[in-house]
Each structure stands twice: as C-alpha cells, then as structure tokens.
Amino acid sequence: MLALGSLRQFFLKWVYMAFLVCLLFGLGESEQSCHPADLSALKEFAGNLTAGSAITSWKSDQLCCQWDGIVCESVGGYDGSSSNRVTELILSNTGLGGSIPQSLGRLDRLRWLDLSHNQLRGELPPGISSLKMLEVLDLSYNFLSGPVVGALSGLVSIKSLNLSSNKFSGDLLDLGALPDLLVLNISNNTFSGRLSPNACSCLSDSIRILDLSVNLLSGELEFLENCSRSLQQLKLDTNSLSGHLPDFLYSLSSLELLSVSSNILSGRLSEDLSKLSGLKSLDASGNHFSGVLPNIFGNLTRLEQFIAHSNSFSGPLPSTLSLCSDLRVLDVRNNSLTGPIDLDFSRLPHLCVLDVATNHFRGPLPESLSSCQELRVLSVAKNGLGGEIPEGFGNLRSLSFLSLSNNSFVNLSRALSVLEHCNNLSTLILTKNFHGEEIPQSVDGFDSLTVLALGNCALKGHLPLWLLNCKKLQVLDLSWNRLDGDIPPWIGQMENLFYLDFSNNSIAGEIPKSLTELRSLVYTNSPSSGLTSAGIPLYVKRNQSANGLQYNQISSFPPSIYLSNNRISGRLWPEIGRLKELHVLDLSRNNISGSIPSSFSDMENLEVMDLSNNNLVGAIPPSLNRLTFLSRFSVANNNLEGPIPRGGQFSSFPNSSFEGNPGLYIDSSRGVGAAGSGSLTHSDSPSRHRINKFGRSSLIVITVSLALGFFLLLAVIMVRISRRDVHDHMDVLNEELGMPHRLPEVLESSKLILFQNSNCKDLTVGDLLKSTSNFNQANIIGCGGFGLVYKASLPNGTKAAIKRLSGDCGQAEREFQAEVEALSRAQHKNLVSLQGYCRHGDERLLVYSYMENGSLDYWLHENEEGSSILHWDMRSEKKDGEVIDASIWGNKDHEKEVLEVLSIACTCTEPDPRRRPGIEQVVSWLEGVGFEGSLQSQTS
C-alpha cells in the first residue's frame, strides 16, 4: 500500500507540472498575440510600404506584439475579458518607403506613433483623425505632402505633434480643437497664407512649444493674442510675416525662446520686452527693425543668446547687456549702431561669440574683453575702431576666430606679439589696418593658424620667415601691400598651403622652383579643415567693383596662386605643371619672359589661367586645349606668335584674351580656333587671321564699322519703337561686371525667359530684385561654382533660388550658356529644374526651383554635421538595403539602371568639388542610362 500511495503522489505531481507548463506556454502566447483588428491594420500598413524593416521583420501571423517597433498592453473589455492591444508604433529611422494607409486609424488604442526620419510619401489619410487616444505623433523628416487640417481634427488627446521637414501645404486657418497639446512643430514645410486670429484659441492652455518656422506664412502676428501664457518656445523664423511685434507678445511671461528671424517685420523693439524675464534666447535677425535698442536687458538676466543682425538698429549698445551674466552669443552685425563698444565684459564670463561687424562703432577695443575666457569668436570688422590691440587679449586662450578688418588699428608688431599667445587661434583677419607699417620679421606662436589675411594694409618689408612656423596655414593673403624682395624658397615647405595671394605688391626676382612643390597643390586628398571657426563665412573680394565671394568652409576656397601685378621676372618653370590640384593661376602684369611650357596642360583642374601683360614669347602650347575646366584664359599683351589652339575650351574665349600679340593668328586652314564674333584684321595670307594692335588697316576697318554700326543702330531703334510693348519694362540692375560676353542669338534678349514648366509665370526682373531684397547679402544661401545663389520669395508665394553669375566667379558667360542649353534641353527628376533665365547687360541670372532642405552638396560637405550623416565610403557602396531602395533592387530589369544612376550620384558627390562633373556631363550621363556604354563614358 505504501508503494502504491507513493506512485499515486508521483503521478499527480507530474500531471500538475505538465498543466503548469502548458498554462505558462498558453499565457506567453496569449501575451504576445495581437487583437485581430490590430493585426489586420498592421498587415495593411506593411502592405503599403515599399521598403523598410517592417517588411522584413514582421513575419509571424499572430505574435505581432513581438514585432520590431510594436508595444502592446493588456486592455480589459466590457465583458471582463482582456486582450493585447497595440499602444505604441515606433519605426523611426528604419528606411520606410511608401505611403501611410487608412488602416492605421483602426489602431484605436494607439498612444504613440513615430514614423520620423523615413521616406514616406503621399498625403495624410483622414483615418488618422480616428486615433482618439493618440498622445504623440511624430512624422518629421519624410516626404509627406498635401493639407493636414482634416487628418488632425480628431486628435483630441494629442500632446506632442511633430510634422516638421516634410512638404505639407495649405493654410492653417482651422486645426480643430487640440485641448491637451503641449508641443506643436510644423516647421520646414510649405504652409502658406495668414494664420487665423483665433489660431491659438484652438490650442491647449498648457502648450509649451510652438514652431511654425521655415514656411510661407504671411500677415501680421495678431494670431498670438490668445496664446497661452504657459508658452515657453515660439519659433516664427523664415516666413513672410510682417508688421510690428504686438504688445500682447510681451504678456507671454513664460517665454524662454523667441525667434522671429528672416521675416519682414519692422518697427522698434519695445521696452515691454523687459516683461519677458525668463527669456534665454532672442533672435530678431534678418528683418526691418529700426530705432534704438532698448536698454532693458537688466530684467533679462537669464538671457544666453541675443541675435539681432541684419536690421537697421541705431544708437549705442545697451549698457544693461553687461548684466546678462549668462550671455553666450551677442550678434548685432550689419546694423547702424554707433558709439564705443563700452560694455563691461568682465561681467560676461560665459560669452562665446561677439559679432558687432559692419556698424559705426568708434574708439578702441575694450580691455575688459580680456576677461571672457570662453570667447571663441570675435568679429569687429568694418567699423571705425582704432588704437592698439589690448595686451590682455593674449589671455583669450579659447579664441579661434578673430576679424579686425576694415578698421584703423595700429602697431602690427605689438598686435602679433599679443595674439601669438592665443594658442587656439585658427582664423586671423587683419585686412585694411596698420596702414604703411613694416611687416614684423620676428614673431612666434600661431601654431594653430589656418587662415591669415593681412591684405590691403600697404605694409612694407620682405616676406617674413616666421610664416614658415605656421605649420597648419592653408590660406595666406598678403595682397595689396608694398612688400618687396624675392619670394623665399622656403615657401614650398608650407605643405598645407593651397591658397596664396601675393598680388599687387613690389615683389621681384624669379618664381622659386620650390613653389611647384606645395604639397596641397600637388597631391589629391591633402589635409584641409572643415568649417571656419563657429561656421562664420569668409568673404573674398578680388577687385573694387565686384561683390565679395562667400566661403563657408576653408576647403571651399579655390586652390589658387595669385602673383599678379608685381615685378617678378625670369621664366616659367615646366614643373608648375605638377600643381594638379591648382584651380587659379594668375601671373599677370609682371616681367616674366620665355615661353609657356607645354606641361601647363597637366594642371587638369585649372579653371583660370592669366599670363597677360608679361614678356612671353613663342607659341601657345596646343596641349592647353586639354584643360577641360578652363573657363578664363588670357595671354594678352605679350610677344607670342603662331596659331591659337583650336578646340576644347578655346572655342569660348573672347578675342581680348589674345590681343596685343602681333604674331598670333587664327589658322583658318584648320578651321576657326579662336572664339569671338568681333572684328578680326586680315593679313595677306588667306589662311591666317592676325589679331593685331591698332594699325592702318585696323583704322580703316574701324571707320567703316562705325559708319555701318551707326546706320544699323538707327534701324534697330526704329524697329524697337514700332514693336515696343509697354509691358516689357526692365529694371536696370545696379552693378556692372566687366566680363566680355558672347551668346547665341537666342540668348541675346534682355527679357526674363521662363519655361513652360515654370511655376512662376509673369515674373519680371524687377520681381527678382524685390524678392531677393536687391540681392541682399542676408539672402545668400550658397556659393555655386560660378556665382552666389540667393533665396527669393516670389510674388505668388513660392520660393526660388536665383544664381547670379559673376565674372569673378569664373567665366560667367560660359557657365550661363552651358546651364541654359543643358537644363532647358533635358529635364530629370534628380536634377534641380531650371525655371528660367535672364541676360541683361552684364548680368546673368538663372532661376531654379528652391530646395527647402538645401542641396545634397551642402549636407555632404558644407553642413557641420554632414560627415556624420553619410560618409564617403558608405555613399560609394552598392549594397542593397544600405544605399539602394530594396523594392527597386529586387527588380532585376532595373538593377543595371540603378547601378548606373548610383555611379553618377557618387561621381556628383565627390568630396573634392573640383572632381565633380559639369552639368552638361551629368545630363548626358542621365540621358544615357539604360544604354550600353553609359557607365564607361562617364568614367573614361
């Protein structure tokens, strides 16, 4: 009996354990299974996707609570039962492509939906409004478009709504009631029109953040009247908002961040600003504000950032700014402020950036600035400051960027002896100061210096040896001085130097052979820095009439050697051809003799070669026609002879590039080689057209030409009078850029030509001027290869990018003709579209579609964080799932074309801008995609 009882107990124990195991397994499966309605909605969602992890990882038919990005909770029903319901769907940055289906609206227990940083397209489905329990919705950084009002109206529980960086459009007159909303971010879209005066009334009384920046909103700020006093961040920058800052704005007592930059707001800053005592950041830059800055900053003791540049403020700096002990950034450049810079900077221990450039300040630099041990950026350029650099500035050990240009500072020797103690100083701009002084020959320090500009100071003396100690120096400008002596041989040891400007001095002797050994100009991928300190752009102005060119990166400076207008003699070294990375070579107006070495054709990246006004002899090497990037060339006023090379870039150079060489001729027996439709004198030989200076035959030709021209002019005037259209009025552009121009007849009109696909019809040149504030520097959004690019807000509410070509940015005429012909002939969805163009006088304007998020080049090379987003080796890989859309890669018929387009894209995003193809070549490659040999043609 004992044995039987033991056996029974053993059996019951195992039955109990088996039951427990089955129960646990059942519970586990139950806990991981989805509610059928949620499972169906998720499957439909995945079915709408064309790429992303949801396609590959969502495999189980029932256990959807185990899927990536899904969070479930057990929810009780009315009958006492419970089920697992999807409460969170988080698929941020997972490569999703496709559209958002209506089915998401059936996830009625969803509280958190995050699909940000993907590639979703299309409109928001109305079903989103059914998510009555949704508290967080983040769809930022996609390509979603269309209106949003209807889809958002039912989100009664929403607390955080982020739709930023998409293509949403329409008005925002009625968002519906959002009573619990704390955060609303709809920035960087294309919402337009005026905001309803009751816009804030629909929002929560507890809203903390309101970001409407970077849209097309217009009108005044009356919609702020009913905004909650709990609002902490208000961002309205980069719209077209107008009028004054309303009084009720100053009742938002909880405000910590206020940004209204880049609008068209006007009027004065009210003293009521002092009521915003919790303010930490105030940005009013890029508007039309005027008047005196109110001296009320004593009440804004928490202020960390005050940015008010590019307005019309006048009067002195408010003394109470010294009471903002947490202030880190003070930027009031490009105003009309006056008086001394007499803040007590010893009370601003955390100041990092001080920019007061382009004002009317007078007096010395304040000694108290020496107390700002965290100061990294100091710019006082273009004022009326003077005196010596304070001795205490040597204590600014964090200082990395210093610009004192265009003032009246004195005692360069003392200035350098003080600044040599600033161990982190990398950019030093001293242009137009220290007039007529001797350049110091004994200086220490400057181990971190990468940019040194001491131009236009009328400095005397020789090139100093201490420059050799600046091992990191990349950009050196000593132009427009009175320096004499030779170029020292040690110049070739400055292995990081790639931009050298010694032009307009009295330097004599030969070009040292060591100059041909500059490492950064000989070898590809030589070291170069990223952004200039604190991202502050630098401007280079080559002459008095031209606009300055903006460079946001040191590496964006074109590798250049400027030695023009000196007394340099001797011959041109054949070894100069080693400088394969050189962009600009200007040796004009010297006493250089001998011939032009044929090895110059080895400088494959050269864009500008100016050898004019020297004593060169012999022929122009025919091999120079291999310089495919050459856009400006001149050998005028030498003693050259023989035929002008034909083909290549020589077909675009004007006759002025060759004049003053009696022995040069166009060999017509081989076909016309030189460019130009201007008059050429003829020699007795029928096969040669000589380009001479004025002689007897030239005078005869000129006389006859003037007579013919007079009658032709009369005829043209009569025709124009008879055909005049009062609607063809043209505004005269203010500046003249003295480059010679030649265009085919179709481009000779002064009208603004718009293409049929343009979305900016009935546009005039006057509109372009107005939309860019007369090409105001504040509207510059980039520097293209041949000109500055401006953001334009057109009369119809759209935005455009206007490229203003300049002769000082390269051969403007050639680029203008090339872009118009190439982009008007071939459009492609991956190329920014050319909307129109204009040629008027010496101006060349190109109208492009505006890219809200900037160009690919900016994100890869200009943006400070660009390199962390997508490295070059990652871009050049061709692995599916990393670079190529999986849905396209899966189609075998498209794989070849995908690889061809990817190869073109990799070529266009070369880290070295000089190695990127021209627009004509890109169009040609894109047109050839899918045909045999297209890849070979672009890599050959």
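Residues numbered from 1 in each chain as written. Predicted model: local features only at pLDDT ≥ 70, side-chain atom pairs only at ≥ 80, totals over all residues. Heavy atoms only, no water.

Applying the stated criterion to the full structure yields 2 disulfides. Bridging Cys34 to Cys64, the disulfide has an S-S length of 0.9 Å. Handedness of the Cys34-Cys64 disulfide follows from its S-S torsion of about -120°: it is left-handed. With Cys34 in the loop between α1 (2-32) and α2 (36-48) and Cys64 in the loop between α3 (53-57) and β2 (70-76), this residue pair connects regions lying 30 residues apart in the sequence. Grouping residues by exposure puts Cys34 and Cys64 together as buried. Disulfide partner of Cys65: Cys72, at an S-S distance of 2.1 Å. Looking along the S-S bond of the Cys65-Cys72 disulfide, the torsion reads about -95°, which is the left-handed sense. (Disulfide = S-S within 2.5 Å. Helix = DSSP H or I, 4+ residues; strand = E, 2+ residues; numbered from the N terminus. Buried < 20%, exposed > 50% of the residue type's maximum accessible area, 1.4 Å probe, protein only.)

Taken as a whole, this structure holds 12 salt bridges when the rule is applied. A salt bridge links Glu374 to Arg328, with the nearest nitrogen and oxygen atoms 3.7 Å apart. Of this pair, Glu374 sits in the loop between β26 (360-363) and β27 (377-379) while Arg328 is found in the loop between β22 (312-315) and β23 (329-331), placing the two residues 46 residues apart along the sequence. Given the relative accessible area of 31%, Glu374 is considered partly exposed. Classification of Arg328 as partly exposed rests on a relative accessible area of 34%. As a salt-bridge pair, Arg414 and Glu388 come within 2.9 Å of each other at their nearest N and O atoms. One end of the pair, Arg414, is in helix α5 (residues 412-419); the other, Glu388, is in the loop between β28 (384-387) and β29 (401-403), and 26 residues separate them in sequence. Overlapping salt bridges bring together Asp38, Arg85 and Asp108 as one network. (Salt bridge = Lys/Arg side-chain N within 4 Å of Asp/Glu carboxyl O.)

Across the protein, pLDDT averages 78, with 70% of residues at or above 70. Averaged pLDDT values for the elements of the protein fall to 33 in helix α16 (residues 934-939) and rise to 98 in strand β30 (residues 408-409). Note on residues 670-690: pLDDT is under 50 here. Beyond four places in sequence and across chains, it has 53 contacts. Here residues 692-705 is a poorly scored stretch, pLDDT under 50, and it has 8 contacts once near neighbours within four places are set aside; other chains count. (pLDDT = per-residue confidence, 0-100. Contact = heavy atoms within 4.5 Å.)

Our focus in this paragraph is the nonpolar core. Counting residues in hydrophobic clusters, the biggest one holds 194 residues, and the most contacted among them are Leu89 and Phe306. Not counting residues within four places of it along the chain, the set of residues in contact with Leu89 comprises Leu42, Phe45, Trp58, Gly69, Ile70, Leu104, Leu107, Leu110, Trp112, Leu113 and Asp114. In this structure, Leu763, Ala792, Cys838 and Leu845 belong to the second largest nonpolar core, which totals 15 residues. (Core = buried A, V, L, I, M, F, W, Y, C linked by side-chain atoms within 4.5 Å.)

Quick look at the environment of Leu449 now. Its place among the elements puts Leu449 in the loop between β31 (427-429) and β32 (451-453). Under the relative-accessibility criterion, Leu449 is labelled buried at 0%. When the C-alpha atoms of Leu449 and Cys470 are compared, they prove to be 6.3 Å apart, with 21 residues separating the residues in sequence. Every residue in contact with Leu449, bar those within four places of it in the chain, is listed here: Leu425, Ser426, Thr427, Leu428, Lys472 and Leu473.

Note: strand β10 (residues 167-170) against strand β12 (residues 190-194), 2 bridges, orientation parallel. Bridge pairing links Ser169 to Thr190 in β12. Note that β12 and strand β14 (residues 216-219) share 3 bridges and pair parallel. By the bridge assignment, Gly193 is partnered in β14 with Leu217. (Pairing = 2+ DSSP bridges.)

Moving on to the side chain of Asn118. Residue position: Asn118 is located in the loop between β5 (112-114) and β6 (119-123). Judged by relative accessible area, which is 5%, Asn118 ranks as buried. In terms of polar contacts, Asn118 uses its side chain to reach the backbone amide nitrogen of Thr94, at 3.0 Å. The contact partners of Asn118, leaving out residues within four places of it in the chain, are Leu91, Ser92, Asn93, Thr94, Gly95, Leu96, Tyr141, Asn142 and Phe143. (Polar contact = N/O pair within 3.5 Å; in protein donor to acceptor, adjacent residues only side chain to side chain.)

Turning our eyes to something else, we now look at the environment of Asn639. Take Asn639: it is sitting in strand β47 (residues 639-643). A relative accessible area of 43% means that Asn639 is categorised as partly exposed. Through-space distance from the C-alpha of Asn639 to that of Asn661 is 5.2 Å; in sequence the pair is 22 residues apart.

What you see with strand β16 (residues 240-243) is a clean split: Leu241 and Gly243 sit on the buried side and Ser240 and Ser242 on the side with no burial. Of the strand pairs in this sheet, β14 and β16 are connected by 2 bridges, and their pairing is parallel. Directly across from Ser218, in β16, lies its bridge partner Ser240.

Among all positions of α5, only Leu412, Ala415, Leu416, Val418 and Leu419 are buried. The arc that holds every buried residue of α5, seen down its axis, measures 160°, which confines them to one face. If you follow the buried residues of α5, they end up packed against β29 and β31. (Arc of directions from axis to C-beta.)

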